[in-house]
Amino acid sequence: QVQLVESGGGLVQPGGSLRLSCAASGSIFSINAMGWYRQAPGKQRELVATITSGGSTNYADSVKGRFTISRDNAKNTVYLQMSSLKPEDTAVYLCYGEFSLSRGTLSYWGQGTQVTVSS
């Protein structure tokens, strides 16, 4: 079983920055991919950014050039550096991971962390 714990959310002014962290723990043989999704009130959950085991990244068009996803393999942790934040970025941000375990390949979601961009 894998547990994902997010941190770093909070309140920030428009144009500001935040750094989200997601640490994975458990009996993990390997990480296939990890990423960040977000869900705002009245909207469907959407992809923000992903990173594969090979280091390939993918971003939503709305965050390209502003957000950067990275990882620390030794800590089984992924990060989301968010800059030039806009009120439209306000949402619950959820960490997602796909892992190779003894049972096979399984996916897990974090609990989520609130990001609020407001004056």
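Treat the numbers as computed from the prediction; the structure is a model and nothing was measured. (Residues numbered from 1 in each chain as written. Predicted model: local features only at pLDDT ≥ 70, side-chain atom pairs only at ≥ 80, totals over all residues. Heavy atoms only, no water.)

Novice: Whenever I open this one, the state of the cysteines confuses me. Can you help?
Specialist: Working definition of a disulfide: a covalent bond connecting the sulfur atoms of two cysteines. Counted according to the given criterion, the structure contains 1 disulfide. One disulfide bridge connects C22 with C95, the sulfur atoms lying 2.0 Å from each other. Because the torsion about its S-S bond is -85°, the bridge between C22 and C95 counts as left-handed. Residue C22 is located in strand β3 (residues 18-26), and its partner C95 is located in strand β9 (residues 91-101); the two are separated by 73 residues in the primary sequence. (Disulfide = S-S within 2.5 Å. Helix = DSSP H or I, 4+ residues; strand = E, 2+ residues; numbered from the N terminus.)

Novice: Would you mind showing me how to read the pairing of strand β1 (residues 2-7) here?
Specialist: Put simply, side chains in a regular strand alternate between the two faces of the sheet. Side chains of β1 alternate between two faces, with V2, L4 and E6 buried and Q3, V5 and S7 left unburied. As defined by bridge partners, β1 adjoins β3 across 6 bridges and the pair is classed as antiparallel. In the strand pairing of β3, V5 is matched with A23. (Buried < 20%, exposed > 50% of the residue type's maximum accessible area, 1.4 Å probe, protein only. Pairing = 2+ DSSP bridges.)

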